[in-house]
Amino acid sequence: AVDLLVSLTPSQASEYRKYTKNTVYIPNPMPDVSKNPADLKTKTILIVARIDIKHKGLDYLSDLVDYLPNGWQIKVVGSGKPEDEKAFKNIVDQSNNRIIWESAVDGDELSKKYQQASVFLMPSRFEGFPLTLGEAMSYGLPIIAFDLDGTRTILKDDDGNSGILVDHGNVELFGEKMLSLINDESLRTEMSEKSINRVSIFSEAKVINRWIEILNK
């Protein structure tokens, strides 16, 4: 019945084509590359997410903090339902100050959080098309994420990965990859460049042009 069905990921488009050939893939637009890139030398690993323990994989942090060298911390910025915040506070309290939790912010305050980090984590169990990943990449943050449809669409292309994708649920490998970025500043710089190059593929101008082509037909 539809003239066109637009999906956010190629795999979604492939699935929907079983029901209608009038299906295309158009991603959401990502932010422009920031003029104030991330520091990459701070001992801060950032997560920006709603406080939803299972969805966002925040329970994995109880294991991931064991990979942190002295002085390094995981900073989580976000708010959620009271029951999730209560459960997450317990995780934070048991981390021996290795997890720092701050309430959700936006605008210039959120920009500062990205600028003051060296690595960005997305340990979610599932994601559609996570825009916070694009925000982090626009600041040149190296990315580690579980390999999901949405994260794969953003980070992976024919030339390889623009971030570190880890098999879903493999917390041990996730921690090892996190530690490799912690211990290697040159690797962080290399991954930072990949983030910046990749996020430009999803620029607002490019995405808008694809929509204009469709709407003008």
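Whatever comes next refers back to the structure up there.
If you're wondering where the values come from, they're calculated on a predicted model, not measured in any experiment.

Undergrad: Before we go on, may I ask you to explain the environment of Leu-61 in this structure?
TA: Relative to the helices and strands, Leu-61 is located in helix α2 (residues 61-64). For the pair Leu-61 and Glu-185, spaced 124 residues apart in the sequence, the C-alpha separation amounts to 23 Å. Here Leu-61 is in contact with Ile-47, Ile-74, Val-76, Phe-88 and Ile-99, once residues within four sequence places are set aside.

Undergrad: When you look at the nonpolar core in this model, what are you seeing that I'm missing?
TA: Nonpolar side chains tend toward joint burial in soluble globular proteins. Counting 31 residues, the largest nonpolar core has Ile-45, Leu-61, Ile-74, Phe-88, Leu-121, Ile-144 and Met-178 as the members making the most contacts within it. Elements that contribute at least two residues to this core include exactly β3 (44-48), α2, β4 (73-77), α3 (82-93), β6 (119-122), β7 (143-146), β10 (164-166) and α7 (171-183). It is α7 that provides the largest number of residues to this core, a total of five residues. In this structure Ile-144 touches Val-119, Phe-120, Leu-121, Met-122, Ile-164, Val-166, Phe-174, Lys-177, Met-178 and Leu-181, once residues within four positions along its chain are discounted. Counting 26 residues, the second largest nonpolar core, distinct from the first, contains Ala-117, Leu-133, Ile-154 and Phe-202.

Undergrad: What's the story with the side chain of Thr-9 in this structure? I'm lost.
TA: Note on placement: Thr-9 falls in the loop between β1 (5-7) and α1 (10-16). At a separation of 2.8 Å, a polar atom in the side chain of Thr-9 contacts the side chain of Asp-149. Excluding residues within four positions of it along the chain, Thr-9 makes contact with Tyr-25, Gly-128, Asp-149, Gly-150 and Thr-153.

Undergrad: Honestly, helix α8 (residues 185-199) in this entry has me stumped. Any pointers?
TA: Because the α-helix completes a turn every 3.6 residues, residues three or four places apart line up on one side. For α8, spanning 15 residues, the distance from its first C-alpha to its last is 21 Å, which sits close to the expected 21 Å at 1.5 Å a residue. Within α8 the residues assigned to the buried category are Arg-188, Met-191, Ser-192, Ser-195, Arg-198 and Val-199. Taken end-on, α8 shows its buried residues confined to a sector of 135°, consistent with a single buried face. Residues of α8 that are exposed and angled more than 90 degrees away from the buried face: Ser-186, Glu-193 and Asn-197.

Undergrad: I would appreciate a short explanation of the side chain of Ser-7 in the present structure.
TA: Here Ser-7 shows up in strand β1. What makes Ser-7 buried here is its relative accessible area of 2%. Engagement of the side chain of Ser-7 in a polar contact is seen with the backbone nitrogen of Ala-13, the distance being 3.2 Å.

Undergrad: Help me understand the packing of helix α5 (residues 131-138) against α8, please; the structure alone is not making it clear to me.
TA: The axes of two packed helices give the description: the angle between them and the distance between them. Relative orientation of the contacting elements α5 and α8 amounts to 120°, with a least axis distance of 8 Å. By the angle class used here, α5 and α8 are oblique. As α5 packs across α8, the resulting crossing turns out to be left-handed. Listed contacts from α8 to Gly-134, Met-137 and Ser-138 of α5 are Ser-195, Ile-196, Arg-198 and Val-199. Each residue belonging to the contact of α5 with α8 can be placed in one class, and the counts come to three nonpolar, three polar and one charged.

Undergrad: I keep staring at a nonpolar patch on the surface and nothing clicks. Help me out?
TA: A cluster of nonpolar side chains, Leu-4, Val-6, Trp-211 and Leu-215, forms an exposed patch at the surface whose accessible area comes to about 350 Å². With respect to the helices and strands, the residue Val-6 is situated in strand β1. Judged by relative accessible area, Val-6 falls into the partly exposed class, the value being 30%.

Undergrad: How should the pairing of strand β5 (residues 99-102) be read in this particular structure?
TA: One face of the sheet, then the other: side chains in a regular strand alternate in exactly this way. In the sheet, β4 pairs with β5 via four bridges, with the strands oriented parallel. Considered in β5, the bridge of Ile-74 is made with Ile-99. Taking the sense of rotation as the criterion, the β-α-β connection linking β4, α3 and β5 turns out right-handed.

Thresholds, definitions, all that
- Residues numbered from 1 in each chain as written.
- Predicted model: local features only at pLDDT ≥ 70, side-chain atom pairs only at ≥ 80, totals over all residues.
- Heavy atoms only, no water.
- Helix = DSSP H or I, 4+ residues; strand = E, 2+ residues; numbered from the N terminus.
- Contact = heavy atoms within 4.5 Å.
- Core = buried A, V, L, I, M, F, W, Y, C linked by side-chain atoms within 4.5 Å.
- Buried < 20%, exposed > 50% of the residue type's maximum accessible area, 1.4 Å probe, protein only.
- Polar contact = N/O pair within 3.5 Å; in protein donor to acceptor, adjacent residues only side chain to side chain.
- Expected span 1.5 Å × (residues − 1).
- Arc of directions from axis to C-beta.
- Axes fitted to C-alpha atoms, helices over the stretch in contact; angles between N-to-C directions.
- Parallel < 35°, antiparallel > 145°, perpendicular 65-115°, else oblique.
- Left-handed = near helix turned anticlockwise from the far one by under 90°.
- Nonpolar A, V, L, I, M, F, W, Y, C, P; charged D, E, K, R; others polar.
- Patch = residues over 30% accessible without salt bridge, like charges linked within 9 Å, V, L, I, M, F, W, Y side chains within 5 Å.
- Areas by Shrake-Rupley, 256 points an atom, 1.4 Å probe, with all protein chains shown as cover.
- Salt bridge = Lys/Arg side-chain N within 4 Å of Asp/Glu carboxyl O.
- Pairing = 2+ DSSP bridges.
- Right-handed = clockwise from strand over helix to strand, strands pointing away.

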